[in-house]
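Breakdown of the fold
The chain contents come next:
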Amino acid sequence: MIDDPDKEALSQKIRELKKKRNAVILAHNYQPGEVQDVADYIGDSLELSQKAAAVEEDVIVFCGVHFMAETASILSPQKTVLLPEIHAGCPMADMITAVELVAWKKNYPGRPVVGYVNTSAEVKAECDVCCTSSNAVNVVNSLESHEILFAPDKNLAAWVARRVSRIIIPWDGYCYVHNNILARDIREKKKMYPEAEIWVHPECRPDVIDLADKVLSTGKMVKEARLTETREIVVGTEAGMIYRLKHDNPAKNFYPAHDLAFCANMKKINLRKVYTALEQMIYRVQVPPEISRRARGAIEKMVKL
Ligand code: 13P
Ligand code: SF4
């Protein structure tokens, strides 16, 4: 987190500008602590899509990565959606393009495509339905087809495949942050904190998932942390999650499964950029109408489920 001596003054200015612009700040659970502190809502991908569709303000400042701001714009096309850092992308989302997806589908005629929300709007427009890590199993179970194409995360696909009686055909993508968490990291943390429960995100590798007590999306980690009696938890996901969990549960201890589990893109936004976004009304994220219409179909199917 950036140690800014003007943090309080900047937060105050952000609050004032927010009123003036009639804006709301949405932040993903992986955002730096100082951004979480100024947000109106913090959540996982699904919770933030639902919020984006429901908020009444004219302007949404989306503190996350590009595909998330695009999703907000697709669900609320009449609103101004701002991403405080235009280069905050998602390397996993970049692992599949719409052209690649169309070519892949041709090899599997008749099979529906489940697209993880971590994809561009163009890719979503080619999907039958979207999913997030918290609803992927339900989304797959809602489809009639026995064989399903799943893109782009092969780790999430493998986790879903174990929980449904369908054949999941995965694209070969992954999140480098979660893929870098190895089974040996988990074994090491188990030795260091023998009393701790191990929670990991479903974007982790299958052999990491095998060692976990619970496999949870970031939103489910937030809920489970409040409910559990356990006071020691090793968390296998991006580091911003630890800030959120500690903030909500000061009496419990959360340890990162991997000390360098940082998503560089999630950390590109800071308090200053949030301020500049509101002051200059930048960077506006918009999706061309035809792509937006087709992508919205896949996202709305998911949101309804
Ligand atoms: P969730 O917040 O939906 O668990 O997703 C994690 C993620 O990788 C977002 O980029
Ligand atoms: Fe993409 Fe992984 Fe970063 Fe999420 S944590 S934005 S999936 S690279």
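Conventions used here
- Residues numbered from 1 in each chain as written.
- Chains lettered and ligands numbered in written order.
- Predicted model: local features only at pLDDT ≥ 70, side-chain atom pairs only at ≥ 80, totals over all residues.
- Heavy atoms only, no water.
- Helix = DSSP H or I, 4+ residues; strand = E, 2+ residues; numbered from the N terminus.
- Buried < 20%, exposed > 50% of the residue type's maximum accessible area, 1.4 Å probe, protein only.
- Contact = heavy atoms within 4.5 Å.
- Areas by Shrake-Rupley, 256 points an atom, 1.4 Å probe, with all protein chains shown as cover.
- Lys, Arg positive; Asp, Glu negative; His and termini not counted.
- Charge placed at Lys NZ, Arg CZ, Asp CG, Glu CD.
- Near = heavy atom within 4 Å.
- Polar contact = N/O pair within 3.5 Å; in protein donor to acceptor, adjacent residues only side chain to side chain.
- Nonpolar A, V, L, I, M, F, W, Y, C, P; charged D, E, K, R; others polar.
- Expected span 1.5 Å × (residues − 1).
- Arc of directions from axis to C-beta.
- Pairing = 2+ DSSP bridges.
- Axes fitted to C-alpha atoms, helices over the stretch in contact; angles between N-to-C directions.
- Salt bridge = Lys/Arg side-chain N within 4 Å of Asp/Glu carboxyl O.
- Core = buried A, V, L, I, M, F, W, Y, C linked by side-chain atoms within 4.5 Å.

Moving on, we come to the overall build of the protein chain. Of regular secondary structure, the protein chain possesses 15 helices and 12 strands. Expressed as lengths along the three principal axes of its C-alpha atoms, the size of the protein chain is roughly 55 × 55 × 30 Å. Looking at the protein chain as a whole, 56% of its 305 residues are labelled buried. Of the contacts made within the protein chain by residues no fewer than 6 positions apart, 61% connect residues no fewer than 24 positions apart. Surface accessibility of the protein chain: about 13,500 Å² in total, with carbon and sulfur atoms responsible for 49%. Between the averaged position of the 41 positive side-chain charges in the protein chain and that of its 41 negative side-chain charges there is a distance of 2 Å.

Below, the discussion takes up the site of ligand 1. In the vicinity of ligand 1 lie 13 residues, with His 28, Ser 45, Ser 133, His 201 and Thr 218 positioned nearest. Separating an oxygen atom of ligand 1 from a side-chain N or O atom of Ser 45 is a distance of 2.9 Å. Relative to its unbound accessible surface of 300 Å², ligand 1 loses 96% to contact with the protein. When grouped by side-chain class, the residues that make up the shell around ligand 1 number 4 nonpolar, 7 polar and 2 charged.

Around ligand 2 sit Tyr 30, Val 65, Cys 90, Pro 91, Met 92, Asn 118, Cys 175, Tyr 176, Glu 203 and Cys 263, and that is every residue in its neighbourhood. Across the shell around ligand 2, the residue classes break down as 8 nonpolar, 1 polar and 1 charged.

Attention shifts here to helix α1 (residues 7–21). A rise of 1.5 Å per residue sets the reference length of α1, with its 15 residues, at 21 Å; its end C-alpha atoms lie 21 Å apart and thus fit the reference within 8%. Among all positions in α1, only Leu 10, Ser 11, Ile 14, Leu 17 and Lys 18 are buried. The arc enclosing the buried residues of α1, seen along the axis, measures out at 125°, which places them on a common side. Those residues of α1 that are exposed and aimed more than 90 degrees away from the buried face are Glu 8, Lys 19 and Lys 20. Along its buried surface, α1 packs onto β1 (23–28), α2 (33–38) and α14 (271–280). Positive phi shows up at Asn 22, right after α1, with a value of about 55°.

Before going further, it helps to examine the sheet that holds strand β6 (residues 129–131). The strand order across the open sheet built from 4 strands is β6-β5-β7-β8, with neighbouring strands paired in parallel fashion. Pairing within the sheet leaves two strands with one partner each, and these edge strands are β6 and β8 (167–170). Sheet twist, expressed as the mean angle between neighbouring strand axes with direction ignored, is 30°. Across 4 bridges, strand β7 (residues 147–151) lies against β8 in parallel orientation. In the sheet register, Phe 150 faces β8, and the bridge partner there is Pro 170. Across the face of the sheet, helix α5 (residues 98–107) comes into contact with β5 (113–116), β7 and β8 while running at roughly 165° to β7. Contacts between helix α8 (residues 154–161) and the sheet are confined to β5, β7 and β8, with β8 contributing the most and set at about 175° to the helix.

In this section: unusual backbone geometry. Geometrically, the link from Ala 151 to Pro 152 is a cis peptide bond, its omega value of -5° lying close to zero. Along the chain, Pro 152 turns up in the loop between β7 and α8. Between Ile 282 and Tyr 283 the backbone carries a cis peptide bond, its omega angle lying at -15°. By the secondary structure assignment, Tyr 283 is in the loop between α14 and α15 (289–304). Residue Asn 22 is not a glycine yet carries a positive backbone phi of 55°.

Following the sequence through the fold, Asp 185 ends up in helix α10 (residues 183–192). For the buried Asp 185, no salt bridge is present, and the opposite-charge side chain at shortest range is Arg 184, 4.7 Å distant. Not counting the four nearest positions on each side in its chain, Asp 185 is found in contact with Asn 180, Ala 257 and His 258.

Counting residues in hydrophobic clusters, the biggest one holds 105 residues, and the most contacted among them are Ile 25, Phe 62, Val 114, Phe 150 and Val 160. If one sorts the elements of this core by residue count, helix α4 (residues 66–75) sits on top with 6 residues. Not counting residues up to four positions away in its chain, the partners in contact with Val 114 are Val 129, Cys 131, Val 139, Val 140, Leu 143, Ile 148, Leu 149, Phe 150 and Ala 151.

Once that is clear, we can look at helix α3 (residues 45–54). Ser 45, Leu 46, Leu 48, Ser 49 and Ala 52 are the residues of α3 that are buried. Projected down its long axis, α3 shows its buried positions confined to an angular sector of 165°, all on one face. Contacts from the buried residues of α3 go to β1, β2 (41–43), β3 (59–63), α4 and α15. At the N-terminal end of α3, a side-chain oxygen is found 3.2 Å from the backbone nitrogen of Leu 46, two or three residues along, and the residue is Asp 44.

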